[in-house]
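Below are the chains, spelled out letter by letter.
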Amino acid sequence: YPALGHLLQNHYSARFSAHQGACSAILSPRLLRHHHTATQPQQKRISEIFGRPDVPASKLVAQLVQKLPGVPKDHEDVGVSMEELEKFAGWMFETHGERLN
């Protein structure tokens, strides 16, 4: 997960001129949710560290992000439309598809 997250965040940051920290806040909960099955043991550990072992790590990270002042929390917060996001996702898959699955 960390390498995948870093790859996506770097490209997201460059394409949309979003701060790297904003990329982490926006993308991390989504990446965790998408890769839950493949990374279940690691995500269970994240939930345990939060002291809530029965709550999905993606939800806990999303809740943490919501509490951070001044940090963009969604694509719209950094000016990324759904159309732009779909184009970005298509480009990422075409360019880096073998790494994303």
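First, a word on what this report is: a plain description of the structure on this page. (Residues numbered from 1 in each chain as written. Predicted model: local features only at pLDDT ≥ 70, side-chain atom pairs only at ≥ 80, totals over all residues. Heavy atoms only, no water.)

1. Quick word on the overall build of the protein chain
Broken down by element type, the protein chain carries 5 helices and 0 strands. If you list the helices and strands of the protein chain from N to C, you get α-α-α-α-α. Here the C-alpha atoms of the protein chain give a radius of gyration of 14 Å, agreeing with the 13 Å that 2.2 N^0.38 yields for 101 residues. The principal-axis extents of the C-alpha atoms in the protein chain amount to approximately 35 × 35 × 20 Å. Within the protein chain, the proportion of its 101 residues that are buried is 37%. Residue pairs in contact within the protein chain that sit at least 24 positions apart in sequence constitute 56% of those at least 6 positions apart. (Helix = DSSP H or I, 4+ residues; strand = E, 2+ residues; numbered from the N terminus. Rg over C-alpha atoms; globule rule 2.2 N^0.38 Å. Buried < 20%, exposed > 50% of the residue type's maximum accessible area, 1.4 Å probe, protein only. Contact = heavy atoms within 4.5 Å.)

2. A few points about the environment of Ser58
In this structure, Ser58 sits in helix α4 (residues 57-67). According to the relative accessible area criterion, Ser58 is buried, its value standing at 9%. Excluding residues within four positions of it along the chain, Ser58 makes contact with Pro29, Leu32, Arg33 and Gln43.

3. A few points about the pattern of salt bridges
All chains considered together, the criterion is met by 2 salt bridges. Note that Arg30 and Asp74 form a salt bridge whose closest N and O atoms lie 2.7 Å from each other. Of this pair, Arg30 sits in helix α2 (residues 20-34) while Asp74 sits in the loop between α4 and α5 (82-100), placing them 44 residues apart in sequence. Owing to a relative accessible area of 28%, Arg30 belongs among the partly exposed residues under this scheme. Among the residues examined, Asp74 registers a relative accessible area of 27% and is labelled partly exposed. Salt-bridge contacts for Glu83 lead to Lys87; the nearest nitrogen and oxygen are separated by 3.4 Å. Here the residue Glu83 and the residue Lys87 both occupy positions in helix α5, the gap between them amounting to 4 residues, near one helical turn. (Salt bridge = Lys/Arg side-chain N within 4 Å of Asp/Glu carboxyl O.)

4. Focus: unusual backbone geometry
You will see that Ser17, though not glycine, has its phi angle at about 50°, which is positive. We classify Ser17 as exposed; its relative accessible area is 69%.

5. Here's the deal with the packing of helix α3 (residues 40-49) against α4
The interhelical angle for the contact between α3 and α4, taken along N-to-C directions, is 45°, at an axis separation of 8 Å. If you check the angle between α3 and α4, you find them oblique. Crossing hand, α3 versus α4: left-handed. Contacts between α3 and α4 pair Gln43, Ile46 and Ser47 from the former with Ala57, Ser58 and Leu60 from the latter. Grouping the amino acids of the contact of α3 with α4 by side-chain chemistry returns 3 nonpolar, 3 polar and no charged. (Axes fitted to C-alpha atoms, helices over the stretch in contact; angles between N-to-C directions. Parallel < 35°, antiparallel > 145°, perpendicular 65-115°, else oblique. Left-handed = near helix turned anticlockwise from the far one by under 90°. Nonpolar A, V, L, I, M, F, W, Y, C, P; charged D, E, K, R; others polar.)

6. Considering the nonpolar core
By size, the foremost hydrophobic cluster in this structure holds 14 residues, and its most contacted members are Leu8, Tyr12, Leu27 and Phe88. Ranked by residues supplied to this core, first place goes to helix α1 (residues 2-16) with 5 residues. Those residues within four positions of Leu27 in sequence are excluded, and the remaining contacts are Leu8, Gln9, Tyr12 and His75. (Core = buried A, V, L, I, M, F, W, Y, C linked by side-chain atoms within 4.5 Å.)

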